[in-house]
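Spelled out, the chains give:
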Amino acid sequence: MNTSLILKSEQELKKDRIKVKNFLSHASKLSFWSSHFDKNNYKFDYKNFRWENFNQIPLSSKKDFISIGLAQRLSDTKNIVRSNTYRFMLKPTAGTSRETGPVLFLKNADVLVNKSYNQIYKTLILFQPRAISLRYVLSDVARSINSKNHIQSLVLNPFRFKSEGVEAVKEFNGDSIITFPACIGYMTSNFRRANELFHSVKRVWLSGDFLSVKELDLTKSKFKNVNVDIDYITTEVDTIGVYCKFLRSQFGPNTYHPNKDKVIELIDIDENGQGEIVVTKMEPIQMSFIRYRTGDVGRWQELKCKCGESGVIFLEGRKNMDIIKGLGVLITRAEIERVILMVEKEIDEWRGEVREVERNGTLLGELTLLIKPNQSLNPRKIENLKKTFGENLLLTPKKTLSQLSAEKKFMPLKIKIVKQFEEASKKVLLRKILD
Ligand SMILES: [Zn+2]
């Protein structure tokens, strides 16, 4: 059975063969990749390169970036960083993988490949993490230098935004917003006058997370005549999946065309067609990623899209999903497991589902814990479990689930008892439900 797949059409494979071959030949001489190839006893053979043996190139992961080290990467990039310093930054990943903590990467500022991004001039950048905001500001600086247009950006932390800022935002008169789905959900849910605040916005660019149908609908209802685009982007390799309006109308959100500039693969494809998404990013060559394991799980379907593209990636979830960004909260696997230790005797296995629930025109997060108990639980014990989780599970650095639900900022905890979890080769403990 073929368990790995390159997400390119026959024609694209033919067209890209020489480009990829030349890239691999150059990259394999870099300090970073030659260490990696040596470690895995792999030698790139320029003469005999075929797409059929692309999957013999060793995979790479966050772990390799830690073990080889940032210093090698910096020595490879010395020259390009010196010539254009403003285009680069050191940026940590969120550390969503269990195997490692956050990893520091040298990043290029250019983020979006979508061409219509070049037509926006006044961007409102709404992120809580400063590093992400800084990256988009650098990206705008780079665009400003390369084009004749005057490009401006205004950075806001959506979770600290107060009414005093309203006039400044109005005055800025931004034509677009760049943010996470949870941030825009938070802003539109907490600011009833959001449409007034963002009256001049024509485009909302989302990334970094799954977009639920409810979030999309709410965003569209608050922002009339606004394009809501969402690309599938990761800190390490930038854009992997590109948004297409035809795909969304046919299959819903979280469906993408593969970014053509990269080699995107699915590996370890299981009986349901789901596999891990692996990406080769070729430019800039000094900062390339070769067969990098994203930890994301996807599915592939060939089709003839109205836009002319020939296939769709269904982004299904994270293999090691440890963090779900809610509306102003973080639901983490580590935190759930910390509380589970308190009631260890009762619980054999668990799963968590996070969804959004609409209440009076605003969205609230909701956590359902599915629990397979060690022995049958009576209703009193289930109530006790709810109490323990509610009072101990932190969803912000200082607030528990019970506190947030008393403040009407999160739904009360739901617990469902299950007899048996389905056997699955890709076990997902914590997932976001998107319908
Ligand atoms: Zn399309």
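Bear in mind that the values here come from a model prediction, so they are computed numbers and not experimental data.

## Some remarks on the overall build of the protein
What the protein contains, in helices and strands, is 13 helices and 21 strands. The C-alpha radius of gyration computed for the protein amounts to 23 Å, which stays within 12% of the reference 22 Å derived for 435 residues, consistent with globular compactness. Principal axes of the C-alpha set define a box for the protein whose edges measure 70 × 55 × 45 Å. The proportion of buried residues among the 435 residues of the protein is 37%.

## Let's talk about the packing of helix α7 (residues 181-190) against helix α9 (residues 213-222)
The interhelical angle for the contact between α7 and α9, taken along N-to-C directions, is 50°, at an axis separation of 10 Å. One element, α7, and the other, α9, form an angle in the oblique class. As α7 runs across α9, the sense of the crossing is left-handed. When α7 is examined against α9, the residues P181, I184, G185 and T188 are found in contact with a partner set consisting of E215, L218, T219 and K222. Considered class by class, the residues forming the contact of α7 with α9 number three nonpolar, three polar and two charged.

## Quick word on the sheet that holds strand β18 (residues 347-359)
Spatially, β20-β19-β18-β21 is the arrangement adopted by the four strands of the open sheet, whose pairing is mixed. Because the sheet does not close on itself, it has two edges, and the strands there are β20 (414-417) and β21 (430-432). Sheet twist, expressed as the mean angle between neighbouring strand axes with direction ignored, is 20°. In this structure, strand β19 (residues 362-373) lies alongside β20, joined through four bridges in parallel fashion. Its bridge partner being in β20, I371 is matched across the sheet by I417.

## What about the domain arrangement of the protein?
The parts lose accessible area when they come together, and the size of an interface is often stated as this lost area. Split into domains, the protein comes out as domain 1 (4-318) and domain 2 (323-432). At the junction of the two partners, domain 1 supplies 18 residues and domain 2 supplies 14 residues. Mapped by element, the contributors of at least two residues to the side of domain 1 that touches domain 2 are α7 and α9. Of all the elements, α7 adds the most residues to the side of domain 1 that touches domain 2, at four residues. Its residues assigned to classes, the side of domain 1 that touches domain 2 shows eight nonpolar, six polar and four charged.

About the cut-offs
- Residues numbered from 1 in each chain as written.
- Predicted model: local features only at pLDDT ≥ 70, side-chain atom pairs only at ≥ 80, totals over all residues.
- Helix = DSSP H or I, 4+ residues; strand = E, 2+ residues; numbered from the N terminus.
- Rg over C-alpha atoms; globule rule 2.2 N^0.38 Å.
- Buried ≥ 20, exposed ≤ 12 C-beta atoms within 10 Å, placed from the backbone.
- Axes fitted to C-alpha atoms, helices over the stretch in contact; angles between N-to-C directions.
- Parallel < 35°, antiparallel > 145°, perpendicular 65-115°, else oblique.
- Left-handed = near helix turned anticlockwise from the far one by under 90°.
- Contact = placed C-beta atoms within 7 Å.
- Nonpolar A, V, L, I, M, F, W, Y, C, P; charged D, E, K, R; others polar.
- Pairing = 2+ DSSP bridges.
- Domains from an automatic or database assignment.

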